[in-house]
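Take a look at the letters that make up each chain.
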Amino acid sequence: MPDTILEVKNLKACFHLDEGQLRAVDGVSFAIQREETLGVIGESGCGKSVTALSILRLLMPPGKIEGGEILYYSDDNQVTDLAKLHPNGEQIRKIRGKEIAMIFQEPMASLSPVHTIGAQMMEFILLHNPGMKKNEAQEIALDMLNKVGVSNPALRLQNYPHQLSGGMCQRVMIATALSCNPRLLICDEPTTALDVTVQAQIIDLMEELQAEMGMSMLYITHDLGVIAEVADEVAVMYLGKIVEKCDVKTIFKKPMHPYTQRLMQSVPKLGSRQEMLDTIEGTVPIPIGMGAQCGFYSRCSHAEEGSCSRRSPALVEVEPGHFVRCFKYGSVEEGYLESANQI
Amino acid sequence: MTKQADVIQKEEKYYVATQWQLMRQKFVKHKLAMAGLVVLALLYTLGIFSDFFATQDYQKRNTRYINAPPQRIRFIDADGHFHLRPFVYGLTQEMDPETWRRTYVEDTSVIQPIRFFVRTDTYKFWGLFDANIRFMGVDEGPFFLFGTDGSGRDLFSRVMYATRISLTVGLVGVFLSFVLGCVFGGISGYYGGKIDMVIQRVIEFLLSIPTIPLWMALAAALPKDWETIQIYFAITIILSMVGWCSLARVVRGKLLEVKQKDFVIAAKLAGANDWQIITRHLLPSFMSYLIVSITLAIPNMIIGETALSFLGIGLRPPVVSWGVLLQDAQNVRTINLHPWLLIPAVFVVVAVLSFNFLGDGLRDAADPYK
Amino acid sequence: MSQQTKSKCLVEVKSLKKYFPIEKGILKKVVGHVRAVDDVSFKIHEGETLGLVGESGCGKTTLGRCLLRIVEPTEGTVNFRVSPEKTVDVTKVDKKELRSLYRDMQMVFQDPFSSLDPRMTILDIVGEPLKMNKVCSGEEYVERVKELVQLVGLETGHLRRYPHAFSGGQRQRIGIARALALNPKFIVADEPVSALDVSVQAQILNLLKQLQKELNLAYLFIAHDLSVVEHISHRVGVMYVGKLVELASTEDLFTKPLHPYTEALLSAVPRPDPEVKASRIVLPGEIANPANPPSGCYFHPRCRYAVNQCKEVAPKWEEIKPGHYCACHRAKELDLSGVRETQSA
């Protein structure tokens with residue numbers, strides 16, 4: 001039985017804009033087990049990146065965590081609520097990078113163009129290992145670059161980011177993120193900006209490294225194919241809420257939430273030609289002043305006037321381990337309770 | 001239900017809002033810029049109607065009041081009575097028998113109420129038609145809100161006239177550099193290649209010349225016997241000689257940026273020719289940036305004029321500008337004895353700051369599509 | 001398949017090349033060339049979709065732009081059949097004739113945000129080609145724009161709105177409406193769905209398919225997403241470092257690829273099915289530098305089937321099977337696997 005490493009409970013994050021309060025993350029709960037990968041799928045604006053940034057307390061104003069807990073279980077079984085920490089405090093800085101590391105979508109943008117790869121990697125390592133000598137740090141950096149398959153690592157340490165390709169930069173980012181042996185790695189669309197063949201290399205690499213180093217992953221992407229490859233458990237997000245959550249096989253075999261179903265059908269699948277794709281009508285609404293209704297109400301073909309338009313359904317365990325947020329499966333009373341809480 | 005309809009209507013209003021409407025919405029939220037705008041509006045009002053706001057002819061020498069200090073506007077007299085109408089005390093001159101220095105003492109026995117829209121001596125409004133009403137004045141006796149200078153001329157009236165000159169010198173100069181900048185920057189950016197190379201090198205050369213010596217050289221070349229008006233225009237042209245360079249760079253940069261945009265290619269595919277692309281797509285897309293650059297260029301012009309005139313190579317008396325007025329405050333001794341001669345500097349600072357705040361706000365609002 | 005061979009050839013590209021000079025120093029001395037498009041030949045038939053795939057930097061976008069002469073090609077010809085009697089070489093015509101050619105060939109862009117002028121209303125954007133070509137004006141103009149907007153599935157009541165009122169998918173529809181304004185026969189669609197969300201992607205793909213049927217359009221559909229290309233294309237071309245390495249009907253290319261690069265590309269696509277753990281071919285090294293390509297076949301340093309011949313001699317572009325072109329020395333002897341087999345197995 002694997003034990004939990006991170007537990008997010010009813011996380012809420014908002015952006016205070018001129019137009020009103022934008023609920024980017026609206027009551028998200030999940031747990032990540034040791035040595036497992038939780039995949040989060042969703043379209044742009046569903047709040048998946050904001051969730052990731054909230055965990056590391058990297059959410060910048062006008063964004064703000066409004067409520068909920070982010071419980072981190074450290075090695076010695078201590079529990080820290082990251083949501084309560086000061087975003088620049090010493091405690092979070094000790095955890096950020098060392099215990100929980102993150103990889104971003106744009107590798108080029110996350111590396112400083114004026115410092116060499118080596119300088120940046122070593123700075124990161126020395127920051128999290130006070131008292132370490134410089135040559136030791138360099139040793140680790142070399143070792144990590146070797147591990148992620150960068151050819152001629154000694155030379156690469158002296159290169160500047162612009163001298164490397166996008167794929168190579170992402171490898172460097174991974175090497176840096178892993179250099180302090182994090183227990184949890186958050187990946188925010190790490191391969192979206194890369195070509196398929198490079199993406200294949202990076203995904204293979206991450207799976208290898210995960211097995212080798214025994215870390216957990218939170219993997220965020222919009223690509224169903226990538227999720228199918230990397231995730232053990234999958235959470236589908238729509239409009240700041242998790243609408244469905246179960247293990248990876250079930251979600252592809254038997255998606256239950258109308259959004260998940262339509263999403264799967266709307267993607268062209270390699271090797272199976274259809275004349276027309278099934279589409280989800282309309283677009284994702286902007287979550288400002290939405291009131292209490294199911295977020296998918298405006299686009300859902302199963303939507304019912306009355307229940308779906310007036311209340312927000314709860315995330316209900318429909319089958320063991322399979323959670324769905326839809327009135328089709330859940331009892332109305334439960335859903336009503338939650339929506340009453342939200343107002 | 002009506003509330004929902006309201007929301008929809010509001011949204012629709014936003015959807016059909018033009019670029020300028022969106023810019024205005026964003027601009028009015030910038031408090032500092034709005035403050036700058038108000039101050040500038042005030043200054044320009046003073047400048048445009050300076051004959052009206054001045055309390056007397058700015059050239060009039062009040063020989064009895066040389067280097068008189070500013071008179072305080074009061075509401076409460078020496079006996080502690082409150083007067084609804086503001087007033088000033090009279091001034092009496094005393095001569096120090098040993099140093100022969102003149103000092104002025106307020107004569108609390110004479111109360112001169114300040115009257116608004118008073119009839120005074122006749123003057124020529126805008127140098128065109130006769131008028132005899134001024135904004136404020138006293139029935140008789142001295143009335144020097146900013147004091148007087150060494151010739152006994154009223155500094156307040158002089159500052160009013162100087163405001164007109166200083167604020168317009170900037171505008172005319174900027175307009176000239178705007179035209180030059182658009183033409184050269186436009187050619188440089190749109191056609192590129194060799195022309196671009198030549199124009200860019202010329203700009204670099206012009207920008208590398210230290211401005212003060214350049215101005216001095218050009219100003220020295222102005223014939224001594226020119227009319228004040230001629231000198232005035234010559235100065236604005238001199239100022240814009242350097243001013244257009246940075247503007248041309250802005251135009252070129254924006255042009256290169258917009259030229260890359262897909263919608264310009266789409267316009268080409270739609271069958272538009274060069275001229276149509278420039279006027280329909282390129283110009284409108286960086287017009288707002290141009291306005292920002294211009295707003296930020298005006299204060300430079302004002303400072304330039306002030307500096308030139310202060311050094312005695314810009315405008316010369318009898319024309320008054322803030323710089324010309326500040327010429328009187330060139331040494332420590334006069335500043336020490338007559339600190340009110342620095343009042344024009346306050347106007348320079350306020351005007352320049354306001355322009356910068358305004359420009360800042362415009363810059364933030366310039367691209368409402370970010 | 002048979003229907004396509006019967007239909008007439010609309011665009012014929014013959015050894016098209018685009019070399020970008022690399023300049024150095026103040027004097028802009030040309031020290032080399034980036035071979036963005038390197039000797040490419042193919043045909044596009046009336047009413048068909050030719051998909052073009054390849055990784056970033058392989059020159060597929062440049063190729064698309066060369067066809068419309070947004071980028072001036074260095075060499076080669078692009079023959080476009082304007083009418084049954086008249087075929088013109090797009091690379092040779094003068095400015096005026098080019099403008100009239102744009103009535104027949106149009107483009108849909110990748111970025112729905114930079115492709116619409118934010119300062120123009122939808123009426124003006126969609127109607128721009130009509131106005132520029134003086135097709136119609138007044139009432140008729142508004143009516144035609146309404147018709148176009150309806151055609152791409154947008155509401156006609158929103159013509160006075162500016163682009164900022166629309167989402168990415170809707171903007172892409174507006175871009176398509178503009179491209180259709182002059183009734184073109186051929187549209188270059190440069191990654192039209194890659195900037196869109198998954199659920200919106202499907203809407204646009206369906207729209208493009210439906211428009212093709214209704215208006216008998218031919219597309220050059222450029223994309224990096226193989227599943228999207230497979231979905232929409234009749235034939236597919238694969239590019240690697242400025243060269244076409246394989247071109248075949250979608251059926252053939254995805255079931256029986258002939259080029260090792262195609263095989264690797266297909267195997268690399270992650271499948272939305274956790275049961276299928278595809279045996280991925282991981283390509284060693286990185287994509288070749290188009291300014292300094294390797295000798296012989298550009299793909300040989302990364303190819304697991306490479307032999308000595310591949311290092312020395314550049315392979316010829318040949319029709320290996322009817323309608324199936326490939327540039328590989330070993331195309332005839334290799335037995336490569338496509339994607340459909342993997343699935344059935």
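1. Quick word on the pattern of salt bridges
Residues and elements named next belong to chain C.
Logical step 1: Counted by the stated rule, this structure contains 35 salt bridges over all chains.
Logical step 2: For Glu75, the salt bridge is made with Lys17, and the minimal N-O distance between the two is 3.8 Å. Here Lys17 lies in strand E1 (residues 9–24) and Glu75 lies in strand E4 (residues 75–83), a separation of 58 residues in the sequence.
Logical step 3: Judged by its relative accessible area of 45%, Glu75 falls in the partly exposed class.
Logical step 4: The exposure class of Lys17 is buried, given its relative accessible area of 19%.
Logical step 5: The salt bridge involving Lys185 is made with Asp104; its shortest N-O contact spans 3.7 Å.

2. Comments concerning helix H2 (residues 19–27) of chain B
Logical step 1: Every buried residue of H2 of chain B is listed here: Gln19, Leu22, Met23 and Phe27 of chain B. Considered in projection along H2 of chain B, the buried side chains sweep an arc of 135° and stay on one side of the axis.

3. Re empty space enclosed by the protein
In this approach the atoms are scanned with a rolling probe the size of a water molecule, which exposes any empty space left behind.
Residue and element names in this part refer to chain C.
Logical step 1: Overall, the coordinates contain three cavities of 30 Å³ or more when judged by the stated rule.
Logical step 2: What lines the largest cavity is simply His259, Pro260, Cys297, Phe299, His300, Cys303, Tyr305, Ala306, Cys310, Cys328, Arg330 and Leu334.
Logical step 3: Considered class by class, the residues forming the lining of the largest cavity number nine nonpolar, two polar and one charged.

4. Considerations on the sheet that holds strand E5 (residues 79–81) of chain A
Backbone hydrogen bonds hold the strands of a sheet together, and the pairing may be parallel or antiparallel.
Residues and elements named next belong to chain A.
Logical step 1: Strand order across the open sheet formed by four strands is E2-E1-E4-E5, with antiparallel pairing between neighbours. Two strands in the sheet have a free side with no partner beyond their single neighbour: strand E2 (20–33) and E5. Adjacent strand axes in the sheet meet at a mean angle of 5°, parallel and antiparallel pairs treated alike.
Logical step 2: Of the pairings in the sheet, the one linking strand E4 (residues 63–73) to E5 comprises three bridges and is antiparallel in character. Residue pairing in the sheet places Tyr73 in a bridge with Val79 of E5.
Logical step 3: The sheet strands contacting helix H1 (residues 48–55) are strand E1 (4–17), E2 and E4, and the helix crosses E1 at an angle near 115°.

5. Section: the interface of chain A and chain C
Logical step 1: Contact residues are listed per partner, giving 44 residues for chain A and 42 residues for chain C.
Logical step 2: For the chain A and chain C pair, buried surface summed over both sides reaches about 3900 Å², with 55% attributable to carbon and sulfur atoms.
Logical step 3: At the surface where chain A touches chain C, the tally comes to zero salt bridges.
Logical step 4: Where chain A meets chain C, there are eight residue pairs in polar contact (both at pLDDT 80 or more).
Logical step 5: For the side of chain A that touches chain C, the secondary structure elements donating two or more residues are helix H8 (196–213), helix H9 (224–230), helix H10 (248–253) and helix H11 (258–266) of chain A.
Logical step 6: The residue makeup of the side of chain A that touches chain C, split by class, is 17 nonpolar, 14 polar and 13 charged.

6. Here's the deal with the confidence of the model for chain C
All names here are of chain C.
Logical step 1: On average, residues of chain C carry a pLDDT of 88, and 95% of them reach 70 or more.
Logical step 2: Model confidence for chain C, summarised as mean pLDDT per element, is weakest for helix H1 (residues 2–6) at 47 and strongest for strand E3 (residues 49–53) at 95.
Logical step 3: Within the model, the stretch residues 1–5 combines pLDDT values under 50 with five contacts to residues more than four positions away or in other chains.
Logical step 4: The low-confidence segment residues 341–345 (pLDDT under 50) makes three contacts with residues lying over four places distant or belonging to another chain.
Logical step 5: Both scores are available for the predicted complex, with the pTM at 0.81 and the ipTM at 0.86.

What counts and what doesn't
- Residues numbered from 1 in each chain as written.
- Chains lettered and ligands numbered in written order.
- Predicted model: local features only at pLDDT ≥ 70, side-chain atom pairs only at ≥ 80, totals over all residues.
- Heavy atoms only, no water.
- Salt bridge = Lys/Arg side-chain N within 4 Å of Asp/Glu carboxyl O.
- Helix = DSSP H or I, 4+ residues; strand = E, 2+ residues; numbered from the N terminus.
- Buried < 20%, exposed > 50% of the residue type's maximum accessible area, 1.4 Å probe, protein only.
- Arc of directions from axis to C-beta.
- 1 Å grid on protein atoms, 1.4 Å probe; cavity = no way out; pocket = protein on both sides within 12 Å on 5 of 7 lines; lining within 4 Å.
- Points joined across faces, edges and corners; volume = space filled by probe spheres on them.
- Nonpolar A, V, L, I, M, F, W, Y, C, P; charged D, E, K, R; others polar.
- Pairing = 2+ DSSP bridges.
- Axes fitted to C-alpha atoms, helices over the stretch in contact; angles between N-to-C directions.
- Contact = heavy atoms within 4.5 Å.
- Buried area = accessible area lost by both parts, 1.4 Å probe.
- Polar contact = N/O pair within 3.5 Å; in protein donor to acceptor, adjacent residues only side chain to side chain.
- pLDDT = per-residue confidence, 0-100.

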